[in-house]
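Chain by chain, the residues:
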Amino acid sequence: MRLGPQCIDDVVSPSQVDCQNKNIKFIQHWEEEITEQQRKRVIFSVRSVCELYIPISMQRSGYGSDGIYRSLRPSIVFPKNSNLSLVSHLFNRVAAFPSKPALIDADSSETLSFAELKLLTVRVAHGLLRLGVTKNDVVLFLAPNDIRYIVCFLAVASLGAAVTTVNPAYTAAEVSKQANDSKPKLLVTVAELWDKLEHLKLPAVFLRCSNAPHAPSSATSFDALVQLAGSVTEFPEIKIKQSDTAALLYSSGTTGLSKGVVLTHGNFVAASLMIGFDDDLAGVLHSVFLCVLPMFHVFGLMVISYGQLQRGSAVVSLKKFEFELVLKTIEKFKVTHLWVVPPII
(Lines give C-alpha, C1' and ligand atoms only; values in the text may rest on other atoms or scores of the structure.)
Protein backbone atom coordinates (compact mmCIF):
# COMPACT_ATOMS: atom_id res chain seq x y z
CA MET A 1 0.00 0.00 0.00
CA ARG A 2 1.50 3.35 -1.05
CA LEU A 3 0.45 6.91 -0.40
CA GLY A 4 0.56 8.99 -3.55
CA PRO A 5 -1.16 11.89 -5.22
CA GLN A 6 -3.94 9.59 -6.39
CA CYS A 7 -5.19 9.20 -2.82
CA ILE A 8 -4.52 12.59 -1.27
CA ASP A 9 -5.50 15.64 -3.21
CA ASP A 10 -5.42 18.55 -0.76
CA VAL A 11 -4.82 22.21 0.30
CA VAL A 12 -2.16 22.59 2.99
CA SER A 13 -1.06 25.76 4.70
CA PRO A 14 2.58 26.20 5.80
CA SER A 15 1.64 25.63 9.44
CA GLN A 16 0.17 22.24 8.56
CA VAL A 17 3.24 20.77 6.87
CA ASP A 18 4.86 19.35 10.05
CA CYS A 19 1.59 17.83 11.19
CA GLN A 20 1.00 16.42 7.76
CA ASN A 21 4.42 14.69 7.61
CA LYS A 22 3.86 13.19 11.08
CA ASN A 23 0.54 11.75 9.96
CA ILE A 24 2.11 10.16 6.89
CA LYS A 25 4.91 8.69 9.00
CA PHE A 26 2.28 7.30 11.37
CA ILE A 27 0.49 5.59 8.48
CA GLN A 28 3.75 4.14 7.15
CA HIS A 29 4.57 2.81 10.64
CA TRP A 30 1.05 1.32 10.88
CA GLU A 31 1.58 -0.46 7.56
CA GLU A 32 4.84 -1.99 8.82
CA GLU A 33 3.17 -3.30 11.98
CA ILE A 34 0.26 -5.24 10.48
CA THR A 35 0.75 -8.82 9.28
CA GLU A 36 0.13 -9.98 5.72
CA GLN A 37 -3.03 -11.79 6.85
CA GLN A 38 -4.31 -8.62 8.47
CA ARG A 39 -3.42 -6.68 5.35
CA LYS A 40 -5.61 -8.98 3.25
CA ARG A 41 -8.52 -8.36 5.60
CA VAL A 42 -8.27 -4.62 5.27
CA ILE A 43 -11.37 -3.68 3.30
CA PHE A 44 -11.05 0.08 3.15
CA SER A 45 -9.11 1.87 0.44
CA VAL A 46 -6.03 4.01 0.74
CA ARG A 47 -8.33 7.03 0.65
CA SER A 48 -10.10 5.68 3.71
CA VAL A 49 -6.78 5.35 5.52
CA CYS A 50 -5.98 8.94 4.66
CA GLU A 51 -9.35 10.05 5.98
CA LEU A 52 -8.79 8.16 9.22
CA TYR A 53 -5.41 9.67 10.03
CA ILE A 54 -5.27 13.04 8.26
CA PRO A 55 -7.47 15.97 9.29
CA ILE A 56 -10.22 17.00 6.88
CA SER A 57 -8.53 20.36 6.31
CA MET A 58 -5.47 18.55 4.93
CA GLN A 59 -7.10 16.05 2.59
CA ARG A 60 -6.79 18.03 -0.62
CA SER A 61 -3.66 19.30 -2.36
CA GLY A 62 -3.69 22.62 -4.15
CA TYR A 63 -3.08 26.34 -3.77
CA GLY A 64 -3.07 27.83 -0.29
CA SER A 65 -4.03 31.37 0.64
CA ASP A 66 -0.43 32.45 -0.02
CA GLY A 67 -0.69 31.32 -3.65
CA ILE A 68 1.75 28.43 -3.18
CA TYR A 69 0.73 24.96 -4.38
CA ARG A 70 1.39 22.29 -1.78
CA SER A 71 1.00 18.53 -1.65
CA LEU A 72 0.73 16.01 1.16
CA ARG A 73 3.73 14.23 -0.29
CA PRO A 74 6.85 14.74 1.85
CA SER A 75 9.29 17.35 0.59
CA ILE A 76 12.46 16.27 -1.19
CA VAL A 77 15.66 17.39 0.49
CA PHE A 78 18.17 18.62 -2.07
CA PRO A 79 21.92 18.89 -1.36
CA LYS A 80 22.80 22.39 -0.17
CA ASN A 81 26.51 22.07 -0.88
CA SER A 82 27.12 24.38 -3.84
CA ASN A 83 30.45 22.67 -4.55
CA LEU A 84 28.89 19.40 -5.64
CA SER A 85 29.27 17.68 -8.99
CA LEU A 86 26.89 15.08 -10.37
CA VAL A 87 29.78 12.60 -10.29
CA SER A 88 30.64 13.07 -6.61
CA HIS A 89 26.92 12.94 -5.77
CA LEU A 90 26.55 9.59 -7.55
CA PHE A 91 29.57 7.88 -6.05
CA ASN A 92 28.90 9.23 -2.55
CA ARG A 93 25.44 7.66 -2.65
CA VAL A 94 26.59 4.23 -3.85
CA ALA A 95 29.74 3.92 -1.74
CA ALA A 96 28.09 1.36 0.55
CA PHE A 97 27.71 -1.31 -2.13
CA PRO A 98 30.82 -1.33 -4.35
CA SER A 99 30.33 -4.90 -5.56
CA LYS A 100 26.76 -4.43 -6.84
CA PRO A 101 26.31 -4.43 -10.63
CA ALA A 102 26.09 -0.89 -11.96
CA LEU A 103 26.25 -1.07 -15.76
CA ILE A 104 25.57 -4.07 -17.98
CA ASP A 105 25.98 -3.94 -21.75
CA ALA A 106 23.42 -6.29 -23.26
CA ASP A 107 25.13 -6.13 -26.66
CA SER A 108 28.66 -7.00 -25.49
CA SER A 109 27.86 -8.62 -22.09
CA GLU A 110 30.41 -6.29 -20.48
CA THR A 111 29.51 -5.65 -16.82
CA LEU A 112 30.81 -3.10 -14.34
CA SER A 113 30.25 -3.07 -10.59
CA PHE A 114 29.99 0.32 -8.89
CA ALA A 115 33.62 0.04 -7.75
CA GLU A 116 34.73 -0.84 -11.26
CA LEU A 117 32.61 1.95 -12.72
CA LYS A 118 34.26 4.51 -10.44
CA LEU A 119 37.79 3.33 -11.17
CA LEU A 120 37.18 3.21 -14.91
CA THR A 121 35.63 6.68 -14.85
CA VAL A 122 38.64 8.00 -12.92
CA ARG A 123 41.02 6.59 -15.50
CA VAL A 124 39.00 7.85 -18.46
CA ALA A 125 38.90 11.31 -16.86
CA HIS A 126 42.70 11.38 -16.58
CA GLY A 127 42.97 10.06 -20.14
CA LEU A 128 40.78 12.92 -21.36
CA LEU A 129 43.02 15.37 -19.50
CA ARG A 130 45.98 13.94 -21.44
CA LEU A 131 44.05 14.62 -24.65
CA GLY A 132 43.67 18.26 -23.62
CA VAL A 133 40.09 18.32 -22.27
CA THR A 134 39.75 20.85 -19.46
CA LYS A 135 37.02 22.62 -17.52
CA ASN A 136 34.41 24.42 -19.64
CA ASP A 137 35.38 22.52 -22.78
CA VAL A 138 32.68 20.72 -24.78
CA VAL A 139 32.88 17.08 -25.91
CA LEU A 140 30.50 15.93 -28.66
CA PHE A 141 29.01 12.44 -28.39
CA LEU A 142 27.69 10.67 -31.51
CA ALA A 143 27.14 7.00 -30.69
CA PRO A 144 24.46 4.40 -29.95
CA ASN A 145 23.69 3.23 -26.41
CA ASP A 146 26.71 1.69 -24.73
CA ILE A 147 27.86 1.48 -21.13
CA ARG A 148 31.07 3.20 -22.23
CA TYR A 149 28.89 6.14 -23.33
CA ILE A 150 27.93 6.61 -19.67
CA VAL A 151 31.50 6.12 -18.45
CA CYS A 152 32.71 8.83 -20.83
CA PHE A 153 29.86 11.14 -19.86
CA LEU A 154 30.74 10.82 -16.16
CA ALA A 155 34.43 11.31 -16.93
CA VAL A 156 33.77 14.48 -18.92
CA ALA A 157 31.51 15.80 -16.15
CA SER A 158 34.18 15.09 -13.51
CA LEU A 159 36.50 17.48 -15.35
CA GLY A 160 33.97 20.31 -15.32
CA ALA A 161 33.60 19.98 -19.09
CA ALA A 162 30.24 19.57 -20.82
CA VAL A 163 28.89 16.94 -23.18
CA THR A 164 26.73 17.72 -26.16
CA THR A 165 24.90 14.64 -27.42
CA VAL A 166 23.89 14.10 -31.04
CA ASN A 167 21.25 11.82 -32.55
CA PRO A 168 23.05 9.09 -34.56
CA ALA A 169 20.31 9.41 -37.19
CA TYR A 170 21.40 12.99 -37.97
CA THR A 171 22.86 13.80 -41.35
CA ALA A 172 26.36 15.23 -41.62
CA ALA A 173 24.81 18.67 -42.18
CA GLU A 174 22.72 18.41 -39.01
CA VAL A 175 25.79 17.29 -37.05
CA SER A 176 27.69 20.29 -38.43
CA LYS A 177 25.02 22.71 -37.25
CA GLN A 178 25.20 21.42 -33.68
CA ALA A 179 29.00 21.30 -33.74
CA ASN A 180 29.22 24.87 -35.04
CA ASP A 181 26.96 26.04 -32.23
CA SER A 182 28.46 24.03 -29.35
CA LYS A 183 32.12 24.23 -30.51
CA PRO A 184 33.38 20.85 -29.24
CA LYS A 185 37.05 20.15 -28.59
CA LEU A 186 36.82 16.36 -28.85
CA LEU A 187 34.50 13.75 -30.37
CA VAL A 188 33.29 10.50 -28.79
CA THR A 189 31.86 8.14 -31.39
CA VAL A 190 32.03 4.76 -33.13
CA ALA A 191 33.66 3.87 -36.44
CA GLU A 192 30.34 3.24 -38.15
CA LEU A 193 29.35 6.90 -37.70
CA TRP A 194 32.71 8.47 -38.48
CA ASP A 195 31.66 9.57 -41.96
CA LYS A 196 29.27 12.09 -40.31
CA LEU A 197 32.08 13.59 -38.23
CA GLU A 198 35.20 13.34 -40.36
CA HIS A 199 34.69 16.78 -41.92
CA LEU A 200 34.90 18.44 -38.47
CA LYS A 201 38.64 17.71 -38.34
CA LEU A 202 38.62 17.11 -34.60
CA PRO A 203 40.37 14.45 -32.47
CA ALA A 204 38.14 11.50 -31.62
CA VAL A 205 37.74 8.68 -29.13
CA PHE A 206 36.14 5.47 -30.40
CA LEU A 207 34.04 3.60 -27.83
CA ARG A 208 34.53 0.22 -29.48
CA CYS A 209 37.39 -1.17 -31.56
CA SER A 210 36.44 -1.65 -35.17
CA ASN A 211 38.06 -2.80 -38.37
CA ALA A 212 35.80 -0.57 -40.43
CA PRO A 213 37.79 0.73 -43.44
CA HIS A 214 36.72 4.32 -42.78
CA ALA A 215 37.98 4.37 -39.17
CA PRO A 216 40.84 6.89 -38.90
CA SER A 217 44.18 5.63 -37.67
CA SER A 218 44.58 8.85 -35.67
CA ALA A 219 41.55 8.16 -33.46
CA THR A 220 42.09 7.05 -29.86
CA SER A 221 40.40 3.82 -28.86
CA PHE A 222 38.60 3.61 -25.53
CA ASP A 223 41.15 1.07 -24.29
CA ALA A 224 44.03 3.34 -25.31
CA LEU A 225 42.35 6.24 -23.53
CA VAL A 226 42.25 4.20 -20.32
CA GLN A 227 45.92 3.29 -20.74
CA LEU A 228 46.86 6.97 -21.08
CA ALA A 229 45.81 7.49 -17.46
CA GLY A 230 48.29 5.08 -15.95
CA SER A 231 47.54 3.68 -12.47
CA VAL A 232 45.57 6.61 -11.01
CA THR A 233 42.80 5.87 -8.53
CA GLU A 234 41.37 9.30 -7.70
CA PHE A 235 39.53 11.88 -9.78
CA PRO A 236 41.46 14.97 -10.92
CA GLU A 237 41.15 17.78 -8.38
CA ILE A 238 38.90 20.24 -10.17
CA LYS A 239 36.49 22.59 -8.42
CA ILE A 240 32.99 22.08 -9.75
CA LYS A 241 29.83 23.84 -8.63
CA GLN A 242 26.24 22.72 -8.95
CA SER A 243 25.73 25.73 -11.21
CA ASP A 244 28.40 24.57 -13.70
CA THR A 245 27.22 23.24 -17.06
CA ALA A 246 27.25 19.44 -17.35
CA ALA A 247 25.39 18.89 -20.62
CA LEU A 248 24.34 20.87 -23.65
CA LEU A 249 21.43 18.97 -25.20
CA TYR A 250 19.65 20.12 -28.33
CA SER A 251 15.93 20.25 -28.94
CA SER A 252 13.78 21.85 -31.62
CA GLY A 253 10.84 22.14 -29.22
CA THR A 254 7.66 22.00 -31.27
CA THR A 255 8.92 23.85 -34.32
CA GLY A 256 12.02 25.26 -35.91
CA LEU A 257 15.69 24.29 -35.76
CA SER A 258 17.21 22.64 -32.73
CA LYS A 259 18.45 24.88 -29.93
CA GLY A 260 20.91 24.18 -27.14
CA VAL A 261 19.52 23.46 -23.68
CA VAL A 262 21.92 23.93 -20.77
CA LEU A 263 21.74 21.38 -17.95
CA THR A 264 23.87 21.99 -14.88
CA HIS A 265 25.28 19.53 -12.36
CA GLY A 266 22.58 20.74 -9.99
CA ASN A 267 19.93 19.97 -12.60
CA PHE A 268 21.12 16.37 -12.85
CA VAL A 269 21.25 15.94 -9.07
CA ALA A 270 17.84 17.48 -8.43
CA ALA A 271 16.09 15.70 -11.30
CA SER A 272 17.53 12.32 -10.30
CA LEU A 273 16.33 12.75 -6.71
CA MET A 274 12.83 13.68 -7.90
CA ILE A 275 12.69 10.78 -10.35
CA GLY A 276 13.59 8.21 -7.71
CA PHE A 277 11.58 9.74 -4.87
CA ASP A 278 8.54 7.44 -5.11
CA ASP A 279 10.74 4.33 -5.13
CA ASP A 280 12.72 5.71 -2.18
CA LEU A 281 9.51 6.25 -0.21
CA ALA A 282 8.30 2.75 -1.07
CA GLY A 283 11.62 1.19 -0.08
CA VAL A 284 12.21 -0.20 -3.58
CA LEU A 285 15.84 -1.33 -3.82
CA HIS A 286 18.11 -3.41 -6.05
CA SER A 287 16.19 -2.66 -9.23
CA VAL A 288 17.42 -3.44 -12.73
CA PHE A 289 16.50 -0.91 -15.42
CA LEU A 290 16.71 -1.63 -19.13
CA CYS A 291 17.84 1.45 -21.05
CA VAL A 292 16.73 1.04 -24.66
CA LEU A 293 15.73 4.68 -24.99
CA PRO A 294 18.59 6.65 -26.58
CA MET A 295 21.30 7.99 -24.34
CA PHE A 296 21.65 11.09 -26.51
CA HIS A 297 18.21 12.07 -25.18
CA VAL A 298 17.57 13.40 -21.69
CA PHE A 299 15.32 10.40 -20.98
CA GLY A 300 18.04 7.83 -21.58
CA LEU A 301 20.91 9.89 -20.18
CA MET A 302 19.44 11.59 -17.12
CA VAL A 303 16.20 9.84 -16.20
CA ILE A 304 17.24 6.22 -16.70
CA SER A 305 21.05 6.03 -16.69
CA TYR A 306 22.14 8.69 -14.20
CA GLY A 307 18.89 8.77 -12.25
CA GLN A 308 18.95 5.06 -11.49
CA LEU A 309 22.69 4.67 -11.00
CA GLN A 310 22.67 7.27 -8.23
CA ARG A 311 20.03 5.14 -6.45
CA GLY A 312 22.25 2.08 -6.63
CA SER A 313 20.18 0.36 -9.31
CA ALA A 314 21.72 -1.54 -12.21
CA VAL A 315 21.29 -0.18 -15.72
CA VAL A 316 21.29 -2.54 -18.69
CA SER A 317 22.21 -0.82 -21.96
CA LEU A 318 20.69 -1.95 -25.27
CA LYS A 319 21.50 -0.29 -28.60
CA LYS A 320 18.07 -0.46 -30.20
CA PHE A 321 14.55 -1.74 -29.68
CA GLU A 322 13.82 -5.09 -31.28
CA PHE A 323 10.91 -6.87 -29.65
CA GLU A 324 12.38 -10.37 -29.32
CA LEU A 325 15.78 -9.01 -28.30
CA VAL A 326 14.20 -6.88 -25.59
CA LEU A 327 12.32 -9.89 -24.21
CA LYS A 328 15.48 -12.00 -24.18
CA THR A 329 17.40 -9.20 -22.46
CA ILE A 330 14.71 -8.82 -19.80
CA GLU A 331 14.85 -12.55 -19.10
CA LYS A 332 18.65 -12.84 -19.18
CA PHE A 333 19.41 -9.92 -16.88
CA LYS A 334 16.26 -10.15 -14.72
CA VAL A 335 15.16 -6.64 -15.62
CA THR A 336 12.61 -5.20 -13.17
CA HIS A 337 11.85 -1.86 -14.85
CA LEU A 338 11.43 -0.85 -18.49
CA TRP A 339 10.63 2.73 -19.42
CA VAL A 340 9.42 3.25 -22.96
CA VAL A 341 7.79 5.94 -25.10
CA PRO A 342 4.50 5.80 -27.06
CA PRO A 343 6.04 4.80 -30.43
CA ILE A 344 7.43 1.64 -28.81
CA ILE A 345 4.05 0.79 -27.27
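Q: Tell me about the overall build of the protein, residues and numbers included.
A: A tally of regular secondary structure across the protein gives 12 helices and 14 strands. Residue burial in the protein is summarised as follows: out of 345 residues, 47% are buried. For the protein, the proportion of contacts with a sequence separation of at least 24, taken over those separated by at least 6, is 71%.

Q: For the pairing of strand 6 (residues 162-165), give the residues involved together with the corresponding values.
A: Side chains Ala162 and Thr164 of strand 6 all project onto a buried face; the interleaved residues Val163 and Thr165 project onto the opposite face, where all are buried too. As paired elements, strand 5 (residues 138-142) and strand 6 share four bridges and run parallel to each other. Within strand 6, the position partnered with Val138 by the bridge is Ala162. Crossover handedness for the path strand 5 to helix 6 (residues 147-158) to strand 6: right-handed.

Q: Account for helix 4 (residues 86-93), with residues named and values stated.
A: Because the α-helix completes a turn every 3.6 residues, residues three or four places apart line up on one side. Those residues of helix 4 that sit buried are Leu86, Val87, His89, Leu90 and Phe91. Each element contacted by the buried residues of helix 4 is listed here: helix 5 (114-130), helix 6, strand 10 (245-251), helix 9 (265-275) and helix 11 (298-309).

Q: Help me get a handle on the side chain of Thr264, residues and values and all.
A: Within the element layout of this structure, Thr264 appears in strand 11 (residues 259-264). Within the local environment of Thr264, its side chain forms a polar contact with the backbone nitrogen of Gly266, the two atoms lying 3.3 Å apart. When near neighbours in sequence (up to four residues on either side) are disregarded, Thr264 contacts Gln242, Ser243, Asp244, Thr245 and Ala246.

Calculation rules
- Residues numbered from 1 in each chain as written.
- Predicted model: local features only at pLDDT ≥ 70, side-chain atom pairs only at ≥ 80, totals over all residues.
- Heavy atoms only, no water.
- Helix = DSSP H or I, 4+ residues; strand = E, 2+ residues; numbered from the N terminus.
- Buried < 20%, exposed > 50% of the residue type's maximum accessible area, 1.4 Å probe, protein only.
- Contact = heavy atoms within 4.5 Å.
- Pairing = 2+ DSSP bridges.
- Right-handed = clockwise from strand over helix to strand, strands pointing away.
- Polar contact = N/O pair within 3.5 Å; in protein donor to acceptor, adjacent residues only side chain to side chain.

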